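# Summary of the model geometry
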Amino acid sequence: MRQVMQSCHFSNAKSGMTPSRFRTGIELLLVRRPSLLRGRKLGVLSHSAAVDAAGRSTVQLLIEGGFKVAALFGPEHGFFGQAPAGQAVATTRHPAWNIPIVSLYGAQRKPSPSALHRIEVLLMDMQDLAVRTYTYVSTLAGTLRAAAAAGIRVIVADRPVPFGAITDGPMLDPSFSSFVGAVETPLVYGMTPAETAIWLKQRMIHNADIVPAPMEGWNRRSFPGDPLRPWTPPSPGIRSRESALCYPATVFGEAIPSIDIGRGTLLPFQLFGAPWARSRQLMERLQDAGTPGVAFAPHAYLAEIGRHKGRLIDGVRMVVTDPAAYRPAFTAVTIIHVLQEIVGRAAFWRDPELRSDFFDKLMGTDRVRVALMNGESPAAIAGEWEAAKQKFLADRRKALLYQA
């Protein structure tokens, strides 16, 4: 990895620049190192959220710059970012450029040898969240493995993540590995895509040929406090920075049908509730639980998706007030703990539609569910993952490109 980093040095990658000088990895790459791409048949793993300050997509920049794009690859939600969560996406062709768009969320979850055979270099540029359950990191890991097996270089163009300064949650237990838990990190792991690629090479994909293309003008705490660019949703449920921040605290509702988490509303993942809970009751118990960096407010809304579709929910809106203090996984455990105590633990976990296996895959372990069922406190549950998190932080340090 040291050789890779030296062969592709970008100045100011670790400097504390101001938002007015912010540039993404692809913007710097095209200005400073276009020779890495020029004259080669390119494959591009990207989506509609990968845009520059003027709203131009990475693929558009490449085509307008005269680069030869031979194939496109799309993750979950598709290259156009519109497919619902969990829905398979078909391989197709781009309607304007007539370039094949190979789906990596359908019959296959990583590029096939035949798809890679048509390219010489693979460029990856996706807006990620740095949350293990958000499957773009699973796609990154699978793509790096496939490219390494094919002997193809991967250039990872970097973008900000909402959790650059936050790590929280249990480590993935390998026995619970899945596509929503494919990397052995805490739930929120605090690395950008390029940093994650470096970490994956260091930890498990040692033969990968990776060239990171860092950003300029970003540090670990400059997002989302500093809106460096207009937000482009990387998936239908992450409509805003606020939804991105709330996502790891409420995504577990996808495995618990008795809870609604605002999917399909204008505030997905920012809302939660259930017909048997009242907003005041929820707020009082959540405030007593002491979740740092977040606030809760009453918010009645009409459920749009799931068991409670069409019902009015006397729910709660979650707002991240202090990203530096926010603990997303602890907040998730606290929310579930409060809800199960309201309805009763036995009734909560014996719901016939409960997807306990999916809950464990999302959490990366069954230990959290079992502890909740046994009535353990959120503080005690979170305390169990602290030692492993500290070890991860020490290992992660070698992969970081940006200062705090």
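Residues numbered from 1 in each chain as written. Predicted model: local features only at pLDDT ≥ 70, side-chain atom pairs only at ≥ 80, totals over all residues. Heavy atoms only, no water.

Turning next to the packing of aromatic side chains. In this description, a pair of aromatic rings is defined by centroid distance and the angle of the planes. In this structure the tally under the stated criterion is 12 aromatic pairs. Note on Y247 and F269: the rings are 5.0 Å apart at their centroids and 80° apart in plane angle, and the pair reads as edge-to-face. Residue Y247 is located in helix α7 (residues 241-250), and its partner F269 is located in the loop between α7 and β8 (271-272); the two are separated by 22 residues in the primary sequence. Taking relative accessible area as the criterion, Y247 reaches 5% and is therefore assigned buried. Judged by relative accessible area, F269 falls into the buried class, the value being 1%. Arranged with centres 6.1 Å apart and planes meeting at 85°, the rings of F272 and F296 form a pair that is edge-to-face. A residue pair is termed long-range when its members are at least 10 positions apart, and F272 in strand β8 and F296 in strand β9 (residues 294-302) qualify at 24 residues. (Phe/Tyr/Trp six-rings, centres within 6.5 Å; stacked < 30°, edge-to-face > 60°. Helix = DSSP H or I, 4+ residues; strand = E, 2+ residues; numbered from the N terminus. Buried < 20%, exposed > 50% of the residue type's maximum accessible area, 1.4 Å probe, protein only.)

Attention now moves to the sheet that holds β9. Paired through their backbone hydrogen bonds, the strands of a sheet run either parallel or antiparallel. Read from one edge to the other, the open sheet built from three strands follows the order β8-β10-β9, with strand pairing classed as antiparallel. At either end of the open sheet lies a strand with only one pairing partner, and these are β8 and β9. Bridge count between β8 and strand β10 (residues 312-320): two bridges; the pairing is antiparallel. Counterpart to F272 in the pairing with β10 is V316. Contacting β8, β9 and β10, helix α8 (residues 279-289) runs over the sheet at an angle of about 165° to β9. (Pairing = 2+ DSSP bridges. Contact = heavy atoms within 4.5 Å. Axes fitted to C-alpha atoms, helices over the stretch in contact; angles between N-to-C directions.)

Bringing helix α2 (residues 25-32) into the picture now. For α2, the set of buried residues is G25, I26, E27, L28 and L29. The secondary structure elements touched by the buried residues of α2 are α3 (58-64), β5 (121-125), β6 (153-157) and β7 (210-213).

The subject of this paragraph is the confidence of the model for the protein. When the pLDDT values of the protein are averaged, the result is 92; 94% of them are 70 or greater. Confidence drops under a pLDDT of 50 for residues 1-19, and excluding neighbours within four residues, the segment shows 43 contacts in the predicted structure. (pLDDT = per-residue confidence, 0-100.)

Before going further, it helps to examine unusual backbone geometry. Here the phi dihedral of H77 falls at roughly 80°; this positive angle occurs in a residue that is not glycine. Mapped onto the fold, H77 is located in the loop between β2 (69-74) and β3 (92-93). For H77, a relative accessible area of 7% corresponds to the buried category. In this structure, F269 takes a positive phi of about 70° despite not being glycine.

So, about the sheet that holds β7. The strand order across the open sheet formed by seven strands is β3-β4-β2-β1-β5-β6-β7, and the pairing between neighbours is mixed. The open sheet has two edge strands, β3 and β7, and neither has a second partner.

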